[in-house]
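Structural characterization, general
Each chain is listed here by its residues.
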Amino acid sequence: MTILTTTPNIPDGDGFYSDLIAAHDGLSDDESAALNARLILILANQIGDRAVLTAALDAARPKPR
Amino acid sequence: MLDDRYALAFRLYPYEHSPDQDAEAPVRHPVVVQGGGPIGVAMALDLGLQGIPVLVLDDHEGIGQGSRAICFAKRCLEIADRYGAAEPMLDKGVVWNLGKVFHEDRKVYEFNLLPEAGHRFPAFINLQQPYFEKFLVERVREAQAAGAPIEIRGKNRVQSVEIFDDHTRLQVETPEGGYVLEADWLIGCDGAGSPLRGMMGLDFDGRVFQDSFLIADITMKADFPTERWFWFEPWHKAGASTLLHKQPDGVWRVDFQIGWDVDRKEELKEENVRRRLDAMLGPDVEYELVWTSIYTFQCRRMKKFRHGRVIFAGDSAHQVSPFGARGANSGMQDVDNLGWKLGMVIRGEAPDALLDSYCAERRHGADENILNSTRSTDFITPKSKISHVFRNAVLDLAQEYEFARPLVNSGRLSVPCVYDGLPLNGPDALPGGPLRSRVGSPCPDAPLGNGFLLPQLGGRFTILTVDAEAPDAVAEDGVTATRLALSAADDTTGALAERYLGAAMSAVYLIRPDQHVAARWDRYDEPALRAALRAACGKGHDR
Ligand SMILES: Cc1cc2nc3c(=O)[nH]c(=O)nc-3n(C[C@H](O)[C@H](O)[C@H](O)COP(=O)(O)OP(=O)(O)OC[C@H]3O[C@@H](n4cnc5c(N)ncnc54)[C@H](O)[C@@H]3O)c2cc1C
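What comes next concerns the included structure. Everything numeric in this text was worked out from a predicted model, so none of it was measured.

Focus: the overall build of chain B
On a plain count of helices and strands, chain B comes out with 12 helices and 29 strands. Over its C-alpha atoms chain B spans a radius of gyration of 24 Å, differing by no more than 12% from the 24 Å that the globule rule assigns to 543 residues. In terms of its C-alpha atoms, chain B occupies a principal-axis envelope of roughly 70 × 65 × 40 Å. Of all 543 residues assigned to chain B, the portion counted as buried reaches 58%. Contacts in chain B between residues far apart in sequence, at least 24 positions, make up 72% of those at least 6 positions apart. Taken as two groups, the 61 positive and 78 negative side-chain charges of chain B have centres that lie 3 Å from each other.

Written out as structure tokens, the structure is:
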């Protein structure tokens, strides 16, 4: 059993996605990278569970094709 | 040929001719310590106070100038106290609790170490390393006067060693020429560059950090508070990071991260050091330079700290970056761990195998220290663009949100490691017992009457009972553990109960000579205690 939620879990996915992109409006690449980093840290703290975070890191890693 | 490699702060053991130099055949010593830095001298104190003859050979006549270590942690002071050397350190040292973290031109947050009450020693003192070493040597002199068989020979440089199964033979160089010595046991305390390690062709692998730090100790008239200030990417650009820390005698330590490709000679010129300091302190602050130096940092250790009759301790065995002050602090824990074990083996009270546990336990400690100081170094000096982005994201968030503050890593201050799951440990059979005094931990201090608990422990095996019965002494296979009978009521602050009972009503602890917990139970169980005592002496576990 995976502890990571890998099935759809965000209500209004389209709305969230467009907010995510909009958050970067007008930012330079460096500013965008900084925003992403802050966002990841905020979300990671919200999750808190170390095992879930580890599973998320694994899931995000590029897969060999 | 025997030129000093550094200038002396205190000339404490001038060269003297030894009768050993005229002996027909090499004189054999039970223990020779190669290197009289803080760790070598502490090693000599531990053994000498046990009555074991110990000879320290150092290639200088005293203590080197320049304060490398400045932060000495509680555990280190507790160990020094066991050797009777901590009092002057505490008197001289500066106690600090408040730390501030800055990024560019703003304060990110501040923290208070909030020392827990009921400990004889503070979490940390700041003290110049030469003082720390001087107080140890002064304690050696005192112990010698009281008959402790310790000898320190200055300007005695070990040139080469020959290793045998049951001893080593040393070629020693002095201003009057060379002589040969033999040692049943040789302890390598000759520092990070350990010539002994080199002579034996032993490994020392790890990571070199591609950065350098300019360290300036200064005195100033300006009145900065006694706090630790750490800047990430400071506005003054005098360093990629900068640390300001107070020492005794009105001295401040300033530490500039200056990058990898630097011209050391150029950077150390007074005008260039002053240029950085002026940028940081402003043009109106008057100061004097006491000492400057440039360091590069590495984190590495030997694979094995013990090689037959040769044992390594301190920087020779493991080296960490200074963030978190784990160098001398962990070296003192090596000595604390090795001293009683070697003493028992030499006295025939324990098998030689007990010394292998020194390697297992202190390697565990070294790995923990290397892990911590590597993480700090990676945070302070990010190695990639993305690592830099995340580091600054943490600093940005920390200013506003509490959650990010624990992620800010400007050095995790040295705490002793717990020997979790290692072979000398006995049962942890105290249901509801506190985590902090679990088997393998160093005993936490607690108030006791007008004094403290720790001075009553150590140097021997102790059966610590809290509201429990036990015999006054238990002798097992030539080793005696003596009882220290306490009651939770002995400490009205409740710290003793909180640190040793937790939710339990009574407790029996078996405590090692280095004040680490060997086993614990809720009541006295003779066969179990005897088995634990044997296990703690390296005699194996009953099956
Ligand atoms: C900038 C800096 C800051 C630091 N800050 C801290 C801190 O705040 N807290 C902390 O705990 N640690 C700190 N450290 C680490 C600390 O300085 C070392 O861990 C400590 O000095 C190690 O002691 P040692 O006795 O093992 O080795 P050393 O101090 O290096 O002593 C080795 C001795 O052996 C002698 N020797 C060498 N070769 C021979 C030979 N062939 N024969 C005879 N003698 C020989 C040397 O002359 C020397 O006296 C810091 C280090 C640096 C560089």
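What about the sheet that holds strand 6 (residues 94-95) of chain B?
Residue and element names in this part refer to chain B. Pairing in this open sheet of three strands is antiparallel, and the strands run 5-9-6 from one edge to the other. Whereas interior strands pair on both sides, the edge strands pair on one side only; in this sheet they are strand 5 (71-73) and strand 6. Alignment of strand 6 against strand 9 (residues 124-126), held across two bridges, turns out to be antiparallel. Directly across from V94, in strand 9, lies its bridge partner N126.

Some details on the packing of aromatic side chains
Residue and element names in this part refer to chain B. What the rule picks out here adds up to 19 aromatic pairs over all chains. Seen from their ring centres, F10 and Y131 are 6.0 Å apart, and the 45° between their planes marks the pair as tilted. In this pair, F10 is assigned in strand 1 (residues 8-10) and Y131 in helix 4 (residues 129-145), connecting sequence segments 121 residues apart. For the ring pair W229 and W231, a centre distance of 5.9 Å and an interplane angle of 75° mean the geometry is edge-to-face.

Considerations on the interface of chain B and chain A
Listed as interface residues are nine residues of chain B and, on the opposing side, nine residues of chain A. Between chain B and chain A lies a buried interface of about 780 Å² when both sides are counted; carbon and sulfur atoms form 82% of it. Looking at the side of chain B facing chain A, the largest losses of area belong to F390(B), L397(B) and F403(B), adding up to 53% of the total buried there. Counting the contacts that link chain B with chain A gives two salt bridges. A salt bridge links K385(B) to D30(A); the shortest N-O distance between them is 3.1 Å. One can count one residue pair in polar contact (both at pLDDT 80 or more) joining chain B with chain A.

Cut-offs used in this document
Residues numbered from 1 in each chain as written. Chains lettered and ligands numbered in written order. Predicted model: local features only at pLDDT ≥ 70, side-chain atom pairs only at ≥ 80, totals over all residues. Heavy atoms only, no water. Helix = DSSP H or I, 4+ residues; strand = E, 2+ residues; numbered from the N terminus. Rg over C-alpha atoms; globule rule 2.2 N^0.38 Å. Buried < 20%, exposed > 50% of the residue type's maximum accessible area, 1.4 Å probe, protein only. Contact = heavy atoms within 4.5 Å. Lys, Arg positive; Asp, Glu negative; His and termini not counted. Charge placed at Lys NZ, Arg CZ, Asp CG, Glu CD. Pairing = 2+ DSSP bridges. Phe/Tyr/Trp six-rings, centres within 6.5 Å; stacked < 30°, edge-to-face > 60°. Buried area = accessible area lost by both parts, 1.4 Å probe. Salt bridge = Lys/Arg side-chain N within 4 Å of Asp/Glu carboxyl O. Polar contact = N/O pair within 3.5 Å; in protein donor to acceptor, adjacent residues only side chain to side chain.

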